[in-house]
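# Notes for the structure review
Each chain, letter by letter, is given below.
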Amino acid sequence: MFTASGRGTPADRCRTHPDECNRLARAPILDVGGYLDSIERCRHRFPELRILTGVEFGQPHLHEAQASHLLDLGVIDRVLGSLHTLEVGDDRSEPNTLFRKWSADEVMWAYLDEIPRMVAGSRTFEVFTHIDYAVRAWPIESAGPFDPRRFEEGFRNAMRAIADSDRILEMNTRRLWPWITQWWSEEGGKAVTFGSDAHVPEALAANFPEATAMLAHYGFRPGQRPEEYWTR
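Now for a description of the structure that goes with this document.

Conventions and cut-offs
Residues numbered from 1 in each chain as written. Predicted model: local features only at pLDDT ≥ 70, side-chain atom pairs only at ≥ 80, totals over all residues. Heavy atoms only, no water. Helix = DSSP H or I, 4+ residues; strand = E, 2+ residues; numbered from the N terminus. Buried < 20%, exposed > 50% of the residue type's maximum accessible area, 1.4 Å probe, protein only. Contact = heavy atoms within 4.5 Å. Axes fitted to C-alpha atoms, helices over the stretch in contact; angles between N-to-C directions. Parallel < 35°, antiparallel > 145°, perpendicular 65-115°, else oblique. Left-handed = near helix turned anticlockwise from the far one by under 90°. Nonpolar A, V, L, I, M, F, W, Y, C, P; charged D, E, K, R; others polar. Pairing = 2+ DSSP bridges. Right-handed = clockwise from strand over helix to strand, strands pointing away. Salt bridge = Lys/Arg side-chain N within 4 Å of Asp/Glu carboxyl O.

## Some thoughts on the overall build of the protein
Secondary structure summary: the protein contains 9 helices and 10 strands in total. A buried classification covers 49% of the 232 residues belonging to the protein. Taking the intrachain contacts of the protein between residues at least 6 apart in sequence as the baseline, contacts between residues at least 24 apart amount to 67%.

Written out as C-alpha cells, the structure reads:
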C-alpha cells in the first residue's frame, strides 16, 4: 500500500499489511528484509523524495506479541492500527460479510464499540486509520443512505478513546467526510495524518488539495516538513 503526503511534495510513506487474514486465506508473514530492500531501491531511484517505512497492523490488540516483535527491530518509521474484522463466535468477519448476516445498525454499533477496546488493548500503534471502514460497505439498497448522525455517539466515543491515548487519526483523502474531521477536533483530537489508501500508484494523493483545505477549516496546520503530522 502506498501513502503519500501529497503529489508534488518530497515525502512518501510505503506501508504494508503484515497480518491481513480472513477465514479463507492467510497472508504470509511479512518479509522484513525484502520490504526494507525494496524501500532502499525506491530511495535510490527517487533521491528527491524522503521515503519513510510504515506498517499497518489490523486488529493489533489481537496480535500484540507479533506487532511488538516487529517494532523491536527499530526499522519502522510509522505504525498504523486498523480494525477490519469483528468477532463472530470462534471466527472473525469483515463488515461487508456481516452486513449480509446482521442488521446494518448492529454491524455499525459492533464496529464502533470495538474501537475503544482495540485502543486500550494495544500499545504498538500511533495512528488509527480507516475509522470509516464499516461505512464503506454500508448496504444502501436495504438500509438506505448512510446517516452518520445515527451513530454519532459511537463515533465520538471511539474518537475520544483515540484522542485520550494521544494517538493520531488518519484522514482518508479518497473519502472526504467533513463530519469525521469536525467530531475529531471536538473530541480532543490534536493531530491528523493523510492517507490516500492507494493500492496502485495512480491513486496516490487522491483529492489531496481538498483534504488539506478541509483540515485547515477545522484548525489543523502542517508541520515544518511534509511528512510531519498536521496539528491544532
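## Focus: the packing of helix α4 (residues 104-121) against helix α7 (residues 152-164)
Running from amino to carboxyl end, α4 crosses α7 at an angle of 10°, the nearest separation of the two axes being 9 Å. As summarised for this structure, α4 and α7 are arranged roughly parallel, according to the angle between their axes. With respect to the hand of their crossing, α4 and α7 are arranged in left-handed fashion. Touching Met108, Trp109, Leu112, Ile115, Pro116 and Val119 of α4 are Glu153, Gly154, Phe155, Asn157, Ala158, Ala161 and Ile162, all from α7. Residues belonging to the contact of α4 with α7 are distributed by class as follows: 10 nonpolar, 2 polar and 1 charged.

## A closer look at the pairing of strand β3 (residues 50-58)
One face of the sheet, then the other: side chains in a regular strand alternate in exactly this way. Most of β3 sits inside the fold, with 8 of its 9 residues counted as buried. Summarising the sheet, β3 and strand β4 (residues 78-82) pair through 5 bridges and their orientation is parallel. Along β4, the bridge assignment pairs glutamate 56 with leucine 80. For the crossover from β3 across helix α2 (residues 64-72) to β4, the handedness is right-handed.

## Points about the pattern of salt bridges
Taken as a whole, this structure holds 14 salt bridges when the rule is applied. Its salt-bridge partner being arginine 156, residue glutamate 152 comes within 2.8 Å of it at the nearest N-O pair. Of the two residues, glutamate 152 and arginine 156 both sit in helix α7, 4 residues apart, roughly one turn of that helix. Arginine 156 gets classed as buried once you look at its relative accessible area, which sits at 14%. Residues glutamate 227 and arginine 225 are paired through a salt bridge, measuring 3.2 Å at the closest nitrogen-oxygen approach. Judged by relative accessible area, which is 9%, glutamate 227 ranks as buried. If you follow the salt bridges from partner to partner, you end up with Glu152, Arg156, Arg160, Glu186 and Glu187 in one network.

Shape is all these values report; function is a separate question.
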